[in-house]
Amino acid sequence: MWGSAAEPADSYYEVRPECTDVPKTRFKIKPGKTLSARKWQAAFSTEGYLDMGKVLNRIQRGGIHPSIRGEVWEFLLGCYDAKSTFDEREQIRQHRREQYATWKEECRKMFPIVGSGKFITAPVITEHGQPIQDPLVLQQTNLGKGPLTPQETANASSMDMIKELTSRGPLDKKVIQWMLTLHQIGLDVVRTDRTLVFYEKQENLSKLWDILAVYAWIDTDVGYCQGMSDLCSPMIMLLQDEADSFWCFERLMRRLRGNFRCTETSVGVEAQLSNLAAITQVVDPKLHQHLDTLGGGDYLFAFRMLMVLFRREFSVCDSLYLWEMMWALEYDPDLFSKYEDPDVTADKGEGSKGKPKSIRQFGKFERENVRNGASNSDAPLPISVFLVASVLKEKSSKLMTEARGLDDVVKILNDITGNLDAKKACTGAMKLHKKYLKKAKKP
């Protein structure tokens, strides 16, 4: 598998032959640079402790081999503590799988299509909680077709179930809210990564729908918003167990859910856009001034890049490579304890807590924050904002000379699709971050 030459990674995320306008992958698996399965296994002690410093170095140099990507991501996203043993992780994994099964069962009781291997793309209830007999839903759940299999008979009860639920009296507000999102999730699921052979399989589409439906049920603050399917899709491709995919997605959402939280007055991602404006003002004041003059001072043209972490600007393979580079650079050894539920960590040995962390165990980006005291602020700026800033900086002269209006800005930025180098983008972001911290410190 590891030949001497760089191996293209496309074969791991096969594109459907008829999709010809998909950006080509630049990521190559490089022996000696990319984190291989062998190097990954060698980073664990016999008890299961992980030498994260070693792993981060590798990832920062050449990404992760697609065959082990899922399990490495679980650590990068804080699903597991590097200072835990094999046994402790197995316990946590089992506990989480049971938790997911419980939530999924709750959802299935309210709407039997959950977990049935199907999904819906048309609304099932009105905003007042009244059932809608939508012909599309009936067709999607196989109602109204000849004799039904036992599985279909179970699905057939979904409409009756809603009728029964509503006949008991008004539905709970939380249930209505959740049910109203289900068809929206379905509409996005069929549009997500549709160029991939992987999503030609109905079971993979319904897995994506199930995970997002369960997430919308447990995170009532965010529920479901467009873009979340783009963030969840890779987890399903990389991890075999649906519950493990769910928890990986849940951890990613902990970082990004602020982007999706909308109040009466603001959209979550606005905070990041104003950070982007502040950074550009510091590192390239002329460009900021120019964008402001064109009416782009709110940086809304960068909305999509931040919302779905460059999924649309890169090929599938390159966007995954970019993500893991970002997470490796941002890695904080306390991530697990920050995220974990007290009942899961209660039985973990206290040995690893309270010890001063070696700076080697932090990602390079996070190291800079620690040295500059920036990580102690409430929310240090994420590397993604610096990534967008570095793309703007790289296009600065083009934007200054050719952009006469916001349409031009959007067009120039759209031209980067498929032409960005993930590693270069991260290097650029790191440089800007350093420059920003220096300049921002000066009164």
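Here the residue index of a chain counts from 1 through its sequence in written order. In keeping with the model being predicted, local features are shown solely for residues with a pLDDT of at least 70 and side-chain atom pairs are shown and tallied solely at 80 or more, while totals for entire chains, interfaces and linings include all residues. For side-chain calculations, the full set of non-hydrogen atoms in the structure is used, while hydrogens and water are omitted.

1. Things to note about the overall build of the protein chain
Applicable threshold: In DSSP terms, a helix is any run of H or I states spanning at least four residues, a strand is any run of E spanning at least two, and both are numbered starting from the N terminus. Accessible area is worked out with a 1.4 Å probe on protein chains only. A residue is then buried under 20% of its type maximum, exposed over 50%, and partly exposed in between. The contact criterion used is simple: two residues touch if any of their non-hydrogen atoms lie within 4.5 Å. Note on areas: Shrake-Rupley, 1.4 Å probe, and residue coverage restricted to the protein chains presented here.
Within the protein chain, the secondary structure is distributed over 21 helices and 2 strands. In the protein chain, which comprises 443 residues, the share counted as buried stands at 53%. Pairs at least 24 apart in sequence give 75% of the contacts found in the protein chain among residues at least 6 apart. Summed over its atoms, the accessible surface of the protein chain is roughly 20,700 Å², and 51% of this surface lies on carbon and sulfur atoms.

2. Some details on the packing of aromatic side chains
Applied cut-off: Stacked, edge-to-face and tilted are the three classes for Phe, Tyr and Trp ring pairs, Trp counted by its six-membered ring, which pair at centre distances within 6.5 Å; planes under 30 degrees apart are stacked, over 60 edge-to-face, the rest tilted. Counting as a charge over the ring demands two things of the Lys NZ or Arg CZ atom: a distance within 6 Å of the ring centre and an angle within 35 degrees of the ring normal.
Applying the stated rule across the entire model yields 21 aromatic pairs. Between tryptophan 323 and tryptophan 327 the ring centres are 5.6 Å apart and the planes differ by 45 degrees, which places this aromatic pair in the tilted class. Here tryptophan 323 and its partner tryptophan 327 are both found in helix H14 (residues 316-330), 4 residues apart, which amounts to about one turn of the helix. Note on accessibility: tryptophan 323 and tryptophan 327 belong to one class, buried. An aromatic cluster is built from Trp40, Phe44, Phe75, Tyr80 and Phe86, whose rings are joined through pairwise contacts. The positively charged end of arginine 96 is found above the aromatic ring belonging to tryptophan 247, 5.6 Å away from the centroid. One cation-aromatic arrangement involves lysine 174 over tryptophan 217; the distance from NZ or CZ to the ring centre is 3.8 Å.

3. Overview of empty space enclosed by the protein
Under the convention used in this document: Both cavities and pockets are sets of points on a 1 Å grid over the protein atoms alone; in a cavity a 1.4 Å probe fits but cannot get out, in a pocket the set is open with protein on both sides within 12 Å along at least five of seven lines, and lining residues sit with an atom within 4 Å of a point. Grid points are joined across faces, edges and corners, and a volume is the space filled by probe spheres set on the points.
One pass over the structure, following the stated rule, counts 1 cavity of 30 Å³ or more. What the largest cavity holds in volume is close to 40 Å³. Around the largest cavity, the lining residues are Glu74, Cys79, Tyr80, Arg93, Arg96, Ala243, Asp244 and Trp247. Elements that contribute at least two residues to the lining of the largest cavity include exactly helix H4 (86-110) and helix H10 (242-260). At 3 residues, H10 tops the list of elements feeding residues into the lining of the largest cavity.

4. What to know about the pattern of salt bridges
As a reminder, the rule being used: Definition used for salt bridges: Asp or Glu carboxyl oxygen within 4 Å of a side-chain nitrogen of Lys or Arg.
Scanning the entire structure with this criterion turns up 25 salt bridges. For the salt bridge of glutamate 368 with arginine 371, the shortest nitrogen-to-oxygen distance reads 3.7 Å. One end of the pair, glutamate 368, and the other, arginine 371, are both in helix H17 (residues 364-371), 3 residues apart, so they sit about a helical turn from each other.

5. Digging into helix H21 (residues 422-441)
Short version of the rule: What a helix is expected to span follows from its residue count: subtract one and scale by 1.5 Å. In protein, a polar contact means a hydrogen-donor-capable atom and an acceptor-capable atom, both N or O and within 3.5 Å, with residues adjacent in sequence counting only if both atoms are side-chain atoms; elsewhere, any N or O pair within 3.5 Å suffices.
Spanning 20 residues, H21 covers 29 Å between terminal C-alpha atoms, matching the ideal 28 Å at 1.5 Å per step. Taken together, the buried positions of H21 are occupied by Ala422, Ala425, Cys426, Ala429, Met430, Leu432, His433, Tyr436 and Leu437. Of the surrounding secondary structure, the elements contacted by the buried residues of H21 are helix H11 (270-283), H14, H17 and helix H18 (383-394). One side-chain oxygen at the N-terminal end of H21 lies 3.0 Å from the backbone nitrogen of lysine 423; it belongs to aspartate 421.

6. Things to note about the packing of H18 against H21
So the rule is basically this: For helices, the axis comes from a line fit to the C-alpha atoms of the stretch in contact; other axes are also lines fit to C-alpha atoms, and the angle between any two N-to-C directions lies between 0 and 180 degrees. Note that the term roughly parallel is reserved for angles under 35 degrees, roughly antiparallel for angles over 145, roughly perpendicular for angles of 65 to 115, and oblique for everything else. Throughout, the ten residues Ala, Val, Leu, Ile, Met, Phe, Trp, Tyr, Cys and Pro are labelled nonpolar, Asp, Glu, Lys and Arg are labelled charged, and all others, Gly among them, are labelled polar.
Packing of H18 against H21 leaves a shortest axis separation of 8 Å and a crossing angle of 100 degrees. Taken together, the axes of H18 and H21 lie roughly perpendicular to each other. Taking contact as the criterion, the partners of Ile383, Phe386, Leu387, Ala389, Ser390 and Lys393 in H18 are, on H21, Ala425, Cys426, Gly428, Ala429, Met430, Leu432, His433, Lys435 and Tyr436. Here the contact of H18 with H21 is built from residues that sort into 10 nonpolar, 3 polar and 2 charged.

7. Thoughts on the layout of surface pockets
The line we're drawing: An automatic or database domain assignment supplies the residue ranges for each domain.
By volume, the second largest pocket amounts to about 640 Å³. Around the second largest pocket, the lining comprises 23 residues; the ones closest to its centre are Arg191, Asp193, Asp230, Arg311 and Arg312. Sorting elements by how many residues they give to the lining of the second largest pocket places helix H13 (residues 303-307) first, with 3 residues. The residue makeup of the lining of the second largest pocket includes at least three contributed by each of domain 1 (30-143 + 155-263) and domain 2 (264-340 + 356-441).

8. Observations regarding the environment of cysteine 426
Secondary-structure assignment places cysteine 426 in helix H21. Note on cysteine 426: relative accessible area 2%, which makes it buried. Taking C-alpha positions, cysteine 426 is 7.7 Å from leucine 322, a pair spaced 104 residues apart along the chain. Leave out the neighbours within four places in its chain, and cysteine 426 touches Leu322, Met325, Met326, Leu329 and Leu387.

9. A short note on the confidence of the model for the protein chain
How we decide: What pLDDT conveys is the predictor's confidence in a given residue, as a value from 0 to 100.
Here the protein chain averages 86 in pLDDT, and 84% of its residues register 70 or above. Low pLDDT, under 50, characterises residues 143-148; the stretch is placed with 8 contacts to residues that sit more than four places away or in other chains. Under a pLDDT of 50 for its full length, residues 342-354 has, in the predicted model, 15 contacts with residues more than four places off or in other chains.

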